[in-house]
Amino acid sequence: MGKPMPGIDLAVIDDEGNELPRGEEGEVAIRVKPIAHWVCLKAIAKPGENRRCFVGDWYKTRNRAVVDEDGYFWFVGRSDDVILSAGYRIGPFEVESALIEHPAVAESAVVSVPIRTGARLLRPSLYSPGTTGSDDLIKALQNHCKTRVTAPVQISAKD
């Protein structure tokens, strides 16, 4: 995502509005207090509808990110696009990004599907021209994801 423009007070915060240390994932927020005339005119006009966007001095953008040691913001996903699976909060973007790094995957998309227990399961759809699906490939992709994604990802050969 890059660095904030000069004069913009941008941070990654937790749910209570506390700034997080660099390297920790949280929600991108813009400081709007004491007053920020240029931000959120629509949100300010409808405070009841947008109450959840404000915490303390911050307006939450609903984008999740990490700030690196050099002050660059790295997009993780949307906070309103999070799947709860096996007790983990997972952004589909995180899993898609991990899968696309594998040489057998040209494109990926991840959705959540309900399972019998009432829980949700991540189901990736992969496009891999010239690659034949196999149990070995499934294991390789799952092992690949284990090194890059904090939550368990189950990949199957079924549609």
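Please refer to the structure higher up on the page.
This is a predicted model, so every value here is computed, not measured.

Rules and cut-offs
Residues numbered from 1 in each chain as written. Predicted model: local features only at pLDDT ≥ 70, side-chain atom pairs only at ≥ 80, totals over all residues. Heavy atoms only, no water. Helix = DSSP H or I, 4+ residues; strand = E, 2+ residues; numbered from the N terminus. Buried < 20%, exposed > 50% of the residue type's maximum accessible area, 1.4 Å probe, protein only. Contact = heavy atoms within 4.5 Å. Areas by Shrake-Rupley, 256 points an atom, 1.4 Å probe, with all protein chains shown as cover. Pairing = 2+ DSSP bridges. Polar contact = N/O pair within 3.5 Å; in protein donor to acceptor, adjacent residues only side chain to side chain. Core = buried A, V, L, I, M, F, W, Y, C linked by side-chain atoms within 4.5 Å. Salt bridge = Lys/Arg side-chain N within 4 Å of Asp/Glu carboxyl O.

Participant: Before we move on, can you summarise the overall build of the chain with the specific residues and values?
Facilitator: Secondary structure summary: the chain contains four helices and nine strands in total. In the chain, the succession of helices and strands from N to C terminus is β-β-α-α-β-β-β-β-β-α-β-β-α. When burial is assessed residue by residue, the chain has 35% of its 159 residues classed as buried. In the chain, the share of contacts with a sequence separation of at least 24, taken over all contacts with a separation of at least 6, comes to 48%. When the accessible surface of the chain is totalled, it reaches about 10300 Å², and 52% of it is carbon and sulfur.

Participant: Summarise the pairing of strand β2 (residues 26–31); cite the residues concerned and give the values.
Facilitator: Looking along a regular strand, one sees the side chains alternate between the two faces of the sheet. Burial of β2 is extensive: five of the six residues sit out of reach of the surface. Where strand β1 (residues 10–13) and β2 come together, four bridges link them in antiparallel fashion. When the bridges of β2 are listed, A11 appears paired with A29. Pairing of β2 with strand β4 (residues 58–67), which is carried by five bridges, proceeds in the antiparallel orientation. Paired with A29 across the two strands is K60, which belongs to β4.

Participant: Describe in detail the environment of R22, supporting the description with residues and values.
Facilitator: By the element assignment, R22 lies in the loop between β1 and β2. R22 sits 49 residues away from G71 along the chain, and the two C-alpha atoms are 7.9 Å apart. Other than its neighbours up to four places away in sequence, R22 contacts V67, D68, E69, D70 and G71. Within polar-contact distance, the side chain of R22 engages the backbone oxygen of E69 at 2.8 Å.

Participant: Go over the nonpolar core with me, naming the residues and quoting the values.
Facilitator: Core analysis: the biggest nonpolar cluster contains 15 residues, and V95, L99, L141, C145, V149, V153 and I155 have the highest contact counts within it. Breaking this core down by element, the ones donating at least two residues are α3 (92–100) and α4 (135–146). Setting aside residues no more than four positions away along its own chain, C145 makes contact with A98, L99 and V153.

Participant: Mind laying out the pattern of salt bridges, listing which residues take part and the relevant values?
Facilitator: Within this structure, the stated rule accounts for five salt bridges. With a closest N to O distance of 2.4 Å, D9 and R31 form a salt bridge. With D9 in the segment before β1 and R31 in strand β2, this pair connects stretches of sequence that are 22 residues apart. Two residues, E101 and R148, come together in a salt bridge whose shortest N-O distance is 2.4 Å. Residue E101 is located in the loop between α3 and β8 (107–114), and its partner R148 is located in the segment after α4; the two are separated by 47 residues in the primary sequence.

In short, geometric facts, not functional conclusions.
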